[in-house]
Amino acid sequence: METESEPYVRLATLRTLHRIIAELNAARSLADTLQAVVEGAVNGLGFDAAAVNLVRPDGDLVVSAVFERTSGPLADYGDASGSSSVPADSSIGIGSILGQTGTRASWERLLSIGEQWGDLIFVPHERSWAWEPDIPKVVGGQSWSGDEHAWHPEDSLFAPMFSPGRELLGVLSVDRPRNGRRPGTWVREALEMFSLQASIAINNARLRAEMQRALARLEQEQQALRASEESFRQAFEYAPSGMAITELHGDQRSMLTRVNDALCRLLGRSRSSLRRQSFADLVHPEDRALLERTSAEGGRAELRLARRDGAYLWVSLRNSVVADASEGPRFLLTHVEDIEERKRHELQLAHRASHDALTGLPNGAELRNRLSLRLCARPDAPTGPAMRDFAAGGPGLGGTPGIAGASSSARHEGLEAWIAGDTPPRGHGYDLNAFDFDSSVGYDHVHAVPPNQQDPRNPGGRGRGLAVLFCDLDGFKSINDRFGHNAGDIVLIEVARRLQHAVREHDTVARLGGDEFVVLADGLDQEQAKDLAGRLRTAVVPPIRIEGRTVRVGVSMGIGWAGCGMSIDEVLHTADELMYVEKRSRSGGRSHRRAG
């Protein structure tokens, strides 16, 4: 039967619990919250000892907080004013289990054999055999009267604590009720309510701890990012070579949004002017396609950029695509290095390899290279075998002998007729009408067609072709013999200069070696080729002053025509043969063919 004072005791307990719960929610850390839970269970619910077994990330439970009262005279039930805590290493010894760990499986087995008191689980001493060795436990501190309602030293009462999602947070364990009896309905309900509030407080404390750790990590990452940005800024600004950032998206796409001082000095431009431009505005027109490929691939290229003074500078561009994890590629980081000196050296080496060291003219290798750009194996005009037969003197056309098959006088007569623009007679095997034409060749190549043949691209039109003028100096050997090689070199240099001044800007004057020169002149008809030959002769014959002496040289010249289907050797050999015809006629038939 309820006594008259019992409602007042319960009211005092509720007031104590209200204060303790307020302290729970005011705790500043997870550790403070756990300590407030065990102290609240002891001071507010009438137990002498309490412990919290918290679930670790690996699932096991560790004793994270303990609290107990002194073993002196018992205070009145529900009156916490006379309670006092003792150190964890007191004679009762509950502090000895702090930090001990029990496996999740052992705890689940222990809780499964207990009696269900609402949300609480009571394990009576009769079932103490269910305790696993790895579950922390303190036995002692009270005697047992033998009454079935009395608290036995090996009795255990647990309040599992869950998160709102029913995730197990831990287990609150209480021991030794101060009245010495097993808890009644009122204490059980109070413990259930308290454990629910403790669950909320622990879950909130855990979330706050995780948030604080996340904020700490975020602050560390931000500090690292700021340090990285500062390192990048210094590396960018003070780099010895040019650096630029180019936007890949938005209104500023392809624009230089950031440049360093080295790039400004390299291009002789201010930061403000560069930020209004892109690399496409600065690149040499011939290098624009290369720049576009390099930007798309995020690679490297060597190209020319315009300086403020209008000159172009050779640079090496190296692009790195900087991407965002969510947005993908954002901008290009471009490293610009001055390679003008290296390029100049490379160009000098290339020029030396392709030009004559004495005269500076293209040499034989470069002449062949330029001819190869204009000739292909499949002509738009005469087919290859026929043209080769014609040039080399093979069986010829229509079963008639070619140039080489004719007699010497006939060969020369035929070649002279060809150079004069007359169609060679059939008797000499020069039936040019028998050449096959193939206009279906699908090349971008513009086919070279000799002007004395019908051009299928221009029926009835005036023939123009690629003239090959083979020049050999007359009288040069005597100058070498009389005045020495130094005088001969001066003559060759002066002749080269005069030949260059006599041709058009896009024509090629090359020195094959010795006193042999070749002129390539494209787009000429036969009369224009003869006029060019006359200008070259006129340019060469004036006297040349050498150390107070005056010397003269003449020039013998053969005009050949390059046509697709001919090899480079065939083209040069044909012109050389025609030059020999002229040299022989000028010398009255006394000249002899040079060896080779």
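As the structure is a prediction and not an experimental result, all values here were calculated from the model.

To continue, consider the sheet that holds strand 3 (residues 101–102). Taken together, the seven strands give an open sheet; going across it, the order is 3-2-1-7-6-5-4, and neighbouring strands pair in antiparallel fashion. In this open sheet, the two strands that pair with only one neighbour each are strand 3 and strand 4 (115–117). Summarising the sheet, strand 6 (residues 156–162) and strand 7 (residues 168–177) pair through six bridges and their orientation is antiparallel. In the sheet register, Phe 162 faces strand 7, and the bridge partner there is Leu 168.

Burial runs high along strand 8 (residues 242–247): five of the six residues are buried. Sheet topology places strand 8 next to strand 9 (residues 256–259); three bridges connect them, and they run antiparallel. Bridge pairing links Ala 244 to Val 259 in strand 9.

One pass over the structure, following the stated rule, counts four aromatic pairs. Relative to Phe 158, the ring of Trp 107 lies with its centre 5.5 Å away and its plane at 85°, an arrangement referred to as edge-to-face. Within this pair, whereas Trp 107 is found in helix 3 (residues 104–112), its partner Phe 158 is found in strand 6, the two being separated by 51 residues in sequence. Just as Trp 107 is buried, Phe 158 falls in that class too. The rings of Trp 107, Trp 131 and Phe 158 are connected pair by pair, giving a single aromatic cluster. Above the ring of Phe 236, the side-chain terminus of Arg 258 is found at 4.9 Å from the ring centroid. It is Lys 343 that lies over the ring of Trp 314; its NZ or CZ is 4.5 Å from the centre.

With that settled, the discussion passes to helix 13 (residues 476–483). Along helix 13, the positions that sit buried rather than exposed are Phe 476, Ile 479 and Asn 480. What you see down the axis of helix 13 is that its buried residues fit within an arc of 100°, all on one side. With respect to the buried face of helix 13, the exposed residues turned more than 90 degrees away are Lys 477, Asp 481 and Arg 482. Where the residues of helix 13 are buried, they touch strand 13 (465–474), helix 14 (485–502) and strand 17 (549–551).

The subject of this paragraph is unusual backbone geometry. Phi at Arg 166 is positive, roughly 65°, even though this residue is not glycine. You can see Arg 166 is positioned in the loop between strand 6 and strand 7. At Glu 547, a residue that is not glycine, the phi angle is positive and equals roughly 50°. Topologically, Glu 547 is positioned in the loop between strand 16 (544–546) and strand 17. The exposed category is assigned to Glu 547, whose relative accessible area is 62%.

The geometry of helix 10 (residues 364–372) relative to helix 16 (residues 568–586) is characterised by a closest axis approach of 10 Å and an angle of 110° between their N-to-C directions. Classified by the angle between their axes, helix 10 and helix 16 sit roughly perpendicular to one another. In the crossing of helix 10 with helix 16, the sense of the turn from one axis to the other is right-handed. Between helix 10 and helix 16, the contacting residues are Leu 367, Arg 368, Leu 371 and Ser 372 on the first element and Ile 568, Asp 569, Val 571 and Leu 572 on the second. In terms of residue class, the contact of helix 10 with helix 16 is made up of five nonpolar, one polar and two charged.

The rules behind each value
Sequence positions are assigned chain by chain, starting from 1 and proceeding in written order. Where local features are concerned, this predicted model is filtered to residues with pLDDT of at least 70; where side-chain atom pairs are given and counted, the filter is 80 or more; whole-chain, interface and lining totals use all residues. The basis for every side-chain value is the complete set of heavy atoms in the structure, and neither hydrogens nor water enter the calculation. Whether two strands pair comes down to DSSP finding at least two bridges between them. Each helix corresponds to a stretch of at least 4 residues labelled H or I by DSSP, and each strand to a stretch of at least 2 residues labelled E; elements are numbered beginning at the N terminus. The classification of residues rests on relative accessible area computed with a 1.4 Å probe and restricted to protein chains. Under 20% of the type maximum is buried, over 50% is exposed, and intermediate values are partly exposed. Pairing of aromatic rings covers Phe, Tyr and the six-membered ring of Trp, with a centre-to-centre limit of 6.5 Å; geometry is then stacked below 30 degrees between planes, edge-to-face above 60, and tilted otherwise. Charge-over-ring placement is defined geometrically: NZ (Lys) or CZ (Arg) within 6 Å of the ring centre, and within 35 degrees of the ring normal. The arc under discussion is defined with respect to the helix axis, by the directions toward the C-beta atoms. Any two residues whose heavy atoms approach within 4.5 Å are treated as being in contact. Interaxial angles span 0 to 180 degrees and are taken between N-to-C directions of axes, which are lines fitted to C-alpha atoms, for helices over the stretch in contact. An angle below 35 degrees is treated as roughly parallel, one above 145 as roughly antiparallel, one from 65 to 115 as roughly perpendicular, and anything else as oblique. When the near helix sits turned anticlockwise from the far one by under a right angle, the crossing is termed left-handed; a clockwise turn instead gives a right-handed crossing. Polar here means any residue other than Ala, Val, Leu, Ile, Met, Phe, Trp, Tyr, Cys and Pro, which are nonpolar, and Asp, Glu, Lys and Arg, which are charged; Gly is therefore polar.

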